[in-house]
Amino acid sequence: DFGLGDYFGWDVVAFAKVVSDSIYVSVSRTQGQAMVKGSGELGSLTFTGLSKGSGEVEVDPAEVHFYDADGEEIVMTDLVVGDATITVE
């Protein structure tokens, strides 16, 4: 489950889709809204265990992209991403 963070505010369009072993998330401000600046939480993922065990969740920084209002990619030099281990007991 994808939970929207507060960084973009609440006037956004957001999608999350699972394909095979990947999760694709897209969050966009609606047209006409001012661009945002600063730091904050973009969103969170909640996992539901189906059986006992553990697994790795990896975020590949090369697959994380940000775009401005003109569709130009923004280079994020201080983006913080991390990997996690999820365990179901």
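Residues numbered from 1 in each chain as written. Predicted model: local features only at pLDDT ≥ 70, side-chain atom pairs only at ≥ 80, totals over all residues. Heavy atoms only, no water.

**Student:** How would you explain the overall build of the protein chain if you had to name every residue and give the values?
**Tutor:** A count of helices and strands for the protein chain gives zero helices and eight strands. If you line up the protein chain on its principal axes, its C-alpha atoms span 45 × 25 × 25 Å. Taken across its 89 residues, the protein chain has 6% of its residues classed as buried. Look at the contacts in the protein chain between residues 6 or more apart in sequence, and 51% of them connect residues 24 or more apart. For the protein chain, the computed accessible surface area is about 7500 Å², with 50% contributed by carbon and sulfur atoms. When the 4 positive and 16 negative side-chain charges of the protein chain are each reduced to one mean point, those points stand 6 Å apart. (Helix = DSSP H or I, 4+ residues; strand = E, 2+ residues; numbered from the N terminus. Buried < 20%, exposed > 50% of the residue type's maximum accessible area, 1.4 Å probe, protein only. Contact = heavy atoms within 4.5 Å. Areas by Shrake-Rupley, 256 points an atom, 1.4 Å probe, with all protein chains shown as cover. Lys, Arg positive; Asp, Glu negative; His and termini not counted. Charge placed at Lys NZ, Arg CZ, Asp CG, Glu CD.)

**Student:** Explain a nonpolar patch on the surface to me, and be specific about the residues and the numbers.
**Tutor:** A cluster of nonpolar side chains, contributed by Val-18, Ile-23, Val-25, Leu-45 and Phe-47, occupies part of the molecular surface with about 420 Å² of accessible area. Inspection of the secondary structure puts Phe-47 in the loop between β4 (43-45) and β5 (53-57). (Patch = residues over 30% accessible without salt bridge, like charges linked within 9 Å, V, L, I, M, F, W, Y side chains within 5 Å. Salt bridge = Lys/Arg side-chain N within 4 Å of Asp/Glu carboxyl O.)

**Student:** Describe a negative patch on the surface, and please don't skip the residues or the numbers.
**Tutor:** Negative charge collects at one region of the surface, where Glu-56, Glu-58, Asp-60, Glu-63 and Asp-83 lie side by side. Looking at the element boundaries, Glu-58 is found in the loop between β5 and β6 (66-67).

**Student:** Help me get a handle on the layout of surface pockets, residues and values and all.
**Tutor:** The space that makes up the second largest pocket amounts to roughly 190 Å³. Phe-47, Thr-48, Gly-49, Leu-50, Ser-51, Gly-53, Ser-54, Gly-55, Glu-56, Ile-86 and Val-88 are the residues that line the second largest pocket. Those elements that place two or more of their residues in the lining of the second largest pocket are β5 and β8 (84-88). By residue number, the principal contributor to the lining of the second largest pocket is β5, which donates four residues. (1 Å grid on protein atoms, 1.4 Å probe; cavity = no way out; pocket = protein on both sides within 12 Å on 5 of 7 lines; lining within 4 Å. Points joined across faces, edges and corners; volume = space filled by probe spheres on them.)

**Student:** Explain the packing of aromatic side chains residue by residue, including any values.
**Tutor:** Under the definition given, this model contains one aromatic pair. Between Tyr-7 and Phe-8 the ring centres are 5.1 Å apart and the planes differ by 70°, which places this aromatic pair in the edge-to-face class. You'll find Tyr-7 and Phe-8 in the same group, each marked buried. (Phe/Tyr/Trp six-rings, centres within 6.5 Å; stacked < 30°, edge-to-face > 60°.)

**Student:** Tell me what's going on with the environment of Phe-66, and back it up with residues and numbers.
**Tutor:** Mapping Phe-66 onto the fold places it in strand β6. In the structure, Phe-66 is positioned 23 residues away from Glu-89 in sequence and 36 Å away in space, judged by C-alpha atoms. Ignoring anything within four residues of it in the chain, the contact list for Phe-66 reads Leu-42, Glu-72, Glu-73, Ile-74, Met-76 and Leu-79.

**Student:** Summarise the pairing of strand β2 (residues 12-19); cite the residues concerned and give the values.
**Tutor:** Where β2 and strand β3 (residues 22-29) come together, eight bridges link them in antiparallel fashion. Bridging across to β3, Ala-14 finds its partner in Val-27. (Pairing = 2+ DSSP bridges.)

**Student:** Kindly report on unusual backbone geometry, identifying the contributing residues and their values.
**Tutor:** One non-glycine residue, Ser-20, lies in positive phi territory at about 55°. Along the chain, Ser-20 turns up in the loop between β2 and β3.

**Student:** Can you explain the environment of Gly-43? Please cite residues and give values.
**Tutor:** In this structure, Gly-43 sits in strand β4. A sequence separation of 28 residues divides Gly-43 from Phe-15, and the C-alpha atoms of the two residues are 11 Å apart. Gly-43 has contacts with Phe-2, Gly-3, Leu-4 and Gly-5, leaving out every residue within four places of it along the chain.

Keep in mind these values describe shape, not function.
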